Amino acid sequence: MSAAELDKAVQLLVRQIAHWQQPRWAAVATAGNVSRADLVHRLVQEMANLAADAEGEPRRVVPRLDNDLALPDQLRVVTADLLAVDPGAEVLTRAAAEVTATRGAL
(Lines give C-alpha, C1' and ligand atoms only; values in the text may rest on other atoms or scores of the structure.)
Protein backbone atom coordinates (compact mmCIF):
# COMPACT_ATOMS: atom_id res chain seq x y z
CA MET A 1 0.00 0.00 0.00
CA SER A 2 1.29 3.43 -0.89
CA ALA A 3 0.45 6.89 0.35
CA ALA A 4 -1.03 7.69 -3.06
CA GLU A 5 -3.37 4.70 -2.83
CA LEU A 6 -4.60 5.74 0.61
CA ASP A 7 -5.08 9.29 -0.61
CA LYS A 8 -7.11 8.01 -3.56
CA ALA A 9 -9.31 5.88 -1.29
CA VAL A 10 -10.00 8.88 0.94
CA GLN A 11 -10.75 11.07 -2.08
CA LEU A 12 -13.30 8.51 -3.31
CA LEU A 13 -15.02 8.49 0.07
CA VAL A 14 -15.00 12.28 0.29
CA ARG A 15 -16.55 12.55 -3.18
CA GLN A 16 -19.25 10.13 -2.06
CA ILE A 17 -20.16 12.09 1.08
CA ALA A 18 -19.10 15.72 0.61
CA HIS A 19 -22.42 16.79 -0.92
CA TRP A 20 -24.62 15.18 1.74
CA GLN A 21 -27.04 17.31 3.69
CA GLN A 22 -28.01 16.73 7.32
CA PRO A 23 -30.79 14.15 6.69
CA ARG A 24 -28.34 11.84 4.88
CA TRP A 25 -25.80 12.21 7.69
CA ALA A 26 -28.45 11.38 10.28
CA ALA A 27 -29.64 8.24 8.46
CA VAL A 28 -28.60 4.90 9.88
CA ALA A 29 -25.62 3.31 8.15
CA THR A 30 -26.24 0.03 6.35
CA ALA A 31 -23.88 -1.78 8.72
CA GLY A 32 -24.71 -1.48 12.39
CA ASN A 33 -27.10 0.75 14.23
CA VAL A 34 -25.24 4.05 14.15
CA SER A 35 -25.76 7.09 12.00
CA ARG A 36 -23.64 7.69 8.95
CA ALA A 37 -22.15 10.71 10.72
CA ASP A 38 -21.14 8.57 13.70
CA LEU A 39 -19.55 6.04 11.38
CA VAL A 40 -17.52 8.66 9.51
CA HIS A 41 -16.48 10.32 12.76
CA ARG A 42 -15.27 6.93 13.99
CA LEU A 43 -13.13 6.74 10.83
CA VAL A 44 -11.77 10.24 11.46
CA GLN A 45 -10.84 9.22 15.00
CA GLU A 46 -9.17 6.02 13.80
CA MET A 47 -7.09 7.92 11.23
CA ALA A 48 -6.04 10.39 13.94
CA ASN A 49 -5.11 7.48 16.20
CA LEU A 50 -2.98 5.92 13.47
CA ALA A 51 -1.20 9.25 12.92
CA ALA A 52 -0.54 9.68 16.64
CA ASP A 53 0.78 6.13 16.93
CA ALA A 54 3.04 6.59 13.91
CA GLU A 55 4.45 9.78 15.43
CA GLY A 56 4.88 8.22 18.86
CA GLU A 57 2.54 10.83 20.28
CA PRO A 58 -0.40 10.32 22.65
CA ARG A 59 -3.77 9.78 21.08
CA ARG A 60 -6.16 12.71 21.27
CA VAL A 61 -9.91 12.83 20.90
CA VAL A 62 -11.04 14.41 17.65
CA PRO A 63 -13.90 16.74 18.53
CA ARG A 64 -17.32 15.91 17.19
CA LEU A 65 -18.44 19.19 15.69
CA ASP A 66 -22.06 20.32 15.82
CA ASN A 67 -22.28 20.37 12.04
CA ASP A 68 -21.83 16.97 10.37
CA LEU A 69 -21.12 18.72 7.07
CA ALA A 70 -17.58 19.30 8.41
CA LEU A 71 -16.81 15.57 8.56
CA PRO A 72 -15.33 15.33 5.03
CA ASP A 73 -12.95 18.17 5.87
CA GLN A 74 -11.99 16.55 9.17
CA LEU A 75 -11.24 13.35 7.29
CA ARG A 76 -9.05 15.21 4.80
CA VAL A 77 -7.10 16.88 7.61
CA VAL A 78 -6.42 13.77 9.68
CA THR A 79 -5.46 11.85 6.54
CA ALA A 80 -3.00 14.59 5.60
CA ASP A 81 -1.60 14.39 9.14
CA LEU A 82 -1.16 10.63 8.79
CA LEU A 83 0.52 10.92 5.40
CA ALA A 84 2.82 13.68 6.68
CA VAL A 85 4.45 11.31 9.19
CA ASP A 86 5.31 8.87 6.40
CA PRO A 87 3.93 5.76 8.10
CA GLY A 88 4.96 2.32 7.02
CA ALA A 89 3.11 0.15 4.53
CA GLU A 90 1.36 -1.77 7.32
CA VAL A 91 -0.20 1.42 8.72
CA LEU A 92 -1.19 2.59 5.24
CA THR A 93 -2.81 -0.77 4.55
CA ARG A 94 -4.74 -0.64 7.81
CA ALA A 95 -5.88 2.93 7.12
CA ALA A 96 -7.02 2.04 3.61
CA ALA A 97 -8.92 -0.96 4.94
CA GLU A 98 -10.73 1.30 7.42
CA VAL A 99 -11.65 3.72 4.63
CA THR A 100 -12.87 0.92 2.39
CA ALA A 101 -14.91 -0.65 5.19
CA THR A 102 -16.51 2.70 5.99
CA ARG A 103 -17.41 3.29 2.34
CA GLY A 104 -19.04 -0.13 2.22
CA ALA A 105 -21.00 0.49 5.42
CA LEU A 106 -22.44 3.81 4.28
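Above this text you will find the structure in question.
Right, let's walk through the structure included here. Because the structure is a prediction, the values reported are computed rather than measured.

## A few points about the overall build of the protein
Consideration 1: Each helix and strand in the protein was counted, giving five helices and zero strands.
Consideration 2: The order of α-helices and β-strands along the protein, N terminus first, is α-α-α-α-α.
Consideration 3: The C-alpha atoms of the protein give 13 Å as radius of gyration, which agrees with the globular expectation for 106 residues (13 Å, within 12%).
Consideration 4: For the C-alpha atoms alone, the extent of the protein along its principal axes is close to 35 × 25 × 25 Å.
Consideration 5: Taking all 106 residues of the protein together, the buried fraction comes to 41%.

## Observations regarding the side chain of T102
Consideration 1: In this fold, T102 is placed in helix α5 (residues 89-105).
Consideration 2: Its relative accessible area of 1% is what places T102 among the buried residues.
Consideration 3: Among all residues touching T102, those that are not within four sequence positions of it are L13, L39, V40, R42 and L43.

## Description of unusual backbone geometry
Consideration 1: Non-glycine residue D86 carries a positive phi angle of around 50 degrees.
Consideration 2: Judged by its relative accessible area of 66%, D86 falls in the exposed class.

## Considerations on the layout of surface pockets
A water-sized probe rolled over the atoms picks out the places where empty space is left.
Consideration 1: The volume enclosed by the largest pocket comes to roughly 200 Å³.
Consideration 2: A48, R60, V62, V78 and D81 are the residues nearest the centre of the largest pocket, which is lined by 13 residues in total.
Consideration 3: Elements represented by at least two residues in the lining of the largest pocket include exactly α3 (36-55) and α4 (71-84).
Consideration 4: Taken together, the residues that form the lining of the largest pocket break down as eight nonpolar, one polar and four charged.

The rules behind these values
Every chain is numbered on its own, with residues counted from 1 as its sequence reads. Owing to the predicted nature of the model, reporting of local features is limited to residues with pLDDT of at least 70; listing and counting of side-chain atom pairs is limited to 80 or more, with chain, interface and lining totals taken over all residues. Water and hydrogen atoms were dropped before computing side-chain values, which therefore reflect all heavy atoms in the structure. By definition, any uninterrupted DSSP run of H or I lasting at least four residues is a helix, any uninterrupted run of E lasting at least two residues is a strand, and each is numbered from the N terminus. Computation of the radius of gyration draws on C-alpha atoms alone. For the globule rule, the value is 2.2 Å times the number of residues to the power 0.38. Exposed residues in this analysis have more than 50% of their type's maximum accessible area, buried residues have under 20%, and partly exposed residues fall in between, with area computed by a 1.4 Å probe over protein chains only. Only heavy atoms enter the contact rule, under which two residues are in contact if any of them lie within 4.5 Å. Here a cavity is any set of points on a 1 Å grid over the protein atoms alone where a 1.4 Å probe fits but cannot get out, and a pocket is any open set with protein on both sides within 12 Å along at least 5 of 7 lines; a residue lines the site when it has an atom within 4 Å of a point. Grid points are joined across faces, edges and corners, and a volume is the space filled by probe spheres set on the points. For this classification, the nonpolar set comprises Ala, Val, Leu, Ile, Met, Phe, Trp, Tyr, Cys and Pro, the charged set comprises Asp, Glu, Lys and Arg, and every other residue, Gly included, is treated as polar.

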